[in-house]
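A structural walkthrough
For reference, the chains in residue letters:
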Amino acid sequence: MKKFLALLMVAVLAVVMVACGGAKTTEPAKDANPAEATEVIKMGTNAAFPPYEFKEGEKFVGIDVEIAEAIAAKLGMKLEIVDMEFDSIITSVNQGEVDFGMAGMTVTEERLEEVDFTSSYATGVQVVIVAEGSDITSLDDLEGKKIGVQLGTTGDIYASDDFGSDNVVQYGKGADAVIALKGGDVDAVIIDNEPAKAFVEENGGLKILETEYAIEDYAIAIKKGNTELLDKINAALEELTADGTIDAIISEYISAE
Ligand code: ARG
């Protein structure tokens, strides 16, 4: 019995030693593998805005998602996406819940009072979607009509300014505004051109007016004063522009006209 106990102790000791040895060797291996050791960087977005950010099953995809992945890789960080209402992104950036906001977000004077923006990585155009056969053919025809928009977007802000907020109906998602248009609840939808194309293609019976309502720059929102992150992301954007990565990502989702 004594001999058995002694043997058991030797065995236990051996297991403990192997375990410790194992633990020791995994430490340096962790450092040697940056893919596992990286710090997380959080992006706040509203993934209902194809082709910039949308979901394919459970996966986040789109131009912004891929550019953000490329930026995170340059920073040696692991990207985590936090999906939220578009309207909450700036607050979330300012409260530090996310490190940056990227959502086909237009740089505006008002937003610049709340957050800092990186250099612009894409251009957007506000356009008007109407039903095929609609009597609305120009911006002037929108006077007195019901206009659907996504809450808190530039389309919302401009339409309310130009046509009066009583004529503007705000939806949580652009796609819901488009469904309302199909159902006849609104007469037109003002939204960014690329999502407009995607929604029109998806729905049928709708068209985009030739007229361009506003031309805008998309950029990444960062908490005011976080110049360290702002500089790092701007440097990454510059490199990704110079080596053609950004163009390649954009043309993966948007076919050149
Ligand atoms: N460009 C517009 C804006 O900044 C709309 C952006 C909406 N983006 C989104 N992911 N839903 O207000």
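Please refer to the structure placed before this passage.
So, here is what we can say about the structure in this document. Owing to the predicted nature of the structure, the values given are computational and were not obtained by experimental measurement. (Residues numbered from 1 in each chain as written. Predicted model: local features only at pLDDT ≥ 70, side-chain atom pairs only at ≥ 80, totals over all residues. Heavy atoms only, no water.)

**What to know about the packing of helix 3 (residues 63-75) against helix 9 (residues 227-242)**
At a minimum axis distance of 9 Å, the contact between helix 3 and helix 9 shows a crossing angle of 110 degrees. Of the possible angle classes, the one that applies to helix 3 and helix 9 is roughly perpendicular. For the pair helix 3 and helix 9, the crossing hand works out as right-handed. Contact with helix 3, carried on its side by Ile67, Ala70, Ile71, Lys74 and Leu75, involves Leu229, Lys232, Ile233, Ala236, Leu237, Glu239 and Leu240 of helix 9 and no other residues of that element. A class-by-class count of the residues in the contact of helix 3 with helix 9 yields nine nonpolar, no polar and three charged. (Axes fitted to C-alpha atoms, helices over the stretch in contact; angles between N-to-C directions. Helix = DSSP H or I, 4+ residues; strand = E, 2+ residues; numbered from the N terminus. Parallel < 35°, antiparallel > 145°, perpendicular 65-115°, else oblique. Left-handed = near helix turned anticlockwise from the far one by under 90°. Contact = heavy atoms within 4.5 Å. Nonpolar A, V, L, I, M, F, W, Y, C, P; charged D, E, K, R; others polar.)

**Focus: the site of the ligand**
Near the ligand you find 15 residues, and of these Asn46, Ala103, Thr106, Arg111 and Asp192 are the closest. Asparagine 46 places a side-chain nitrogen or oxygen 2.8 Å from a nitrogen atom of the ligand. In isolation the ligand offers 350 Å² of accessible surface; the protein chains occlude 100% of this area. Structurally, the ligand is housed in the largest cavity. Tallied by class, the residues present in the shell around the ligand amount to five nonpolar, six polar and four charged. (Near = heavy atom within 4 Å. Polar contact = N/O pair within 3.5 Å; in protein donor to acceptor, adjacent residues only side chain to side chain. Areas by Shrake-Rupley, 256 points an atom, 1.4 Å probe, with all protein chains shown as cover. 1 Å grid on protein atoms, 1.4 Å probe; cavity = no way out; pocket = protein on both sides within 12 Å on 5 of 7 lines; lining within 4 Å. Sits in = over half its atoms within 2 Å of the grid points.)

**So, the packing of aromatic side chains**
Per the stated rule, a full pass over the model turns up five aromatic pairs. Centre to centre, the rings of phenylalanine 54 and tyrosine 253 are 6.3 Å apart; their planes meet at 90 degrees, and the pair counts as edge-to-face. One end of the pair, phenylalanine 54, is in strand 2 (residues 54-56); the other, tyrosine 253, is in helix 10 (residues 245-253), with 199 residues separating them in the sequence. Exposure remark for phenylalanine 54: the relative accessible area of 19% places this residue in the buried category. Judged by its relative accessible area of 24%, tyrosine 253 is partly exposed. An angle of 35 degrees between the planes, with centres 6.3 Å apart, marks the rings of phenylalanine 163 and tyrosine 213 as tilted. Taken together, the residues phenylalanine 163 in helix 6 (residues 154-163) and tyrosine 213 in the loop between strand 11 (206-208) and strand 12 (214-218) connect sequence positions 50 residues apart. The burial state of phenylalanine 163 is the same as that of tyrosine 213; both residues are buried. An aromatic cluster is built from Phe49, Tyr52 and Tyr218, whose rings are joined through pairwise contacts. (Phe/Tyr/Trp six-rings, centres within 6.5 Å; stacked < 30°, edge-to-face > 60°. Buried < 20%, exposed > 50% of the residue type's maximum accessible area, 1.4 Å probe, protein only.)

**Some thoughts on the nonpolar core**
The biggest cluster of nonpolar side chains holds 31 residues, and the ones touching the most others in it are Ile67, Ile71, Phe100, Tyr121, Ile220 and Ile233. Elements supplying a minimum of two residues to this core: strand 1 (39-45), helix 3, strand 4 (77-83), helix 9 and helix 10. With eight residues, the single largest contributor to this core is helix 3. Beyond its immediate stretch of four places on either side in the chain, isoleucine 233 contacts Ile71, Leu75, Phe100, Thr118, Ile220 and Ile222. In this structure, Ile129, Tyr171, Leu181 and Val200 belong to the second largest nonpolar core, which totals 15 residues. (Core = buried A, V, L, I, M, F, W, Y, C linked by side-chain atoms within 4.5 Å.)

**Points about empty space enclosed by the protein**
Tallied over the entire structure, the rule returns one cavity of 30 Å³ or more. Taken as a whole, the largest cavity encloses approximately 60 Å³ of empty space. Forming the walls of the largest cavity are Phe49, Phe86, Ala103, Gly104, Met105, Thr106, Arg111, Gln150, Thr153, Thr154 and Asp192. For the lining of the largest cavity, the per-class residue count stands at four nonpolar, five polar and two charged. (Points joined across faces, edges and corners; volume = space filled by probe spheres on them.)

**Some points on the pattern of salt bridges**
Scanning the model with the defined rule gives five salt bridges in all. Where aspartate 135 meets lysine 145, a salt bridge forms, and the shortest distance between an N and an O atom there is 3.9 Å. Of the two residues, aspartate 135 sits in the loop between strand 7 (122-131) and strand 8 (147-150) while lysine 145 sits in the loop between strand 7 and strand 8, which places them 10 residues apart along the sequence. Relative accessible area serves as the criterion here: at 22%, lysine 145 is assigned to the partly exposed category. (Salt bridge = Lys/Arg side-chain N within 4 Å of Asp/Glu carboxyl O.)

**So, the sheet that holds strand 5 (residues 100-101)**
What the five strands build is an open sheet, ordered 4-1-5-13-6; its pairing is mixed. Lying at the two open borders of the sheet, with one neighbouring strand each, are strand 4 and strand 6 (115-117). Relative to the sheet, helix 3 contacts strand 1, strand 4 and strand 5, its axis offset from that of strand 4 by approximately 150 degrees. Across the sheet, helix 9 touches strand 1, strand 5, strand 6 and strand 13 (221-223), and the angle it forms with strand 13 is around 155 degrees. (Pairing = 2+ DSSP bridges.)

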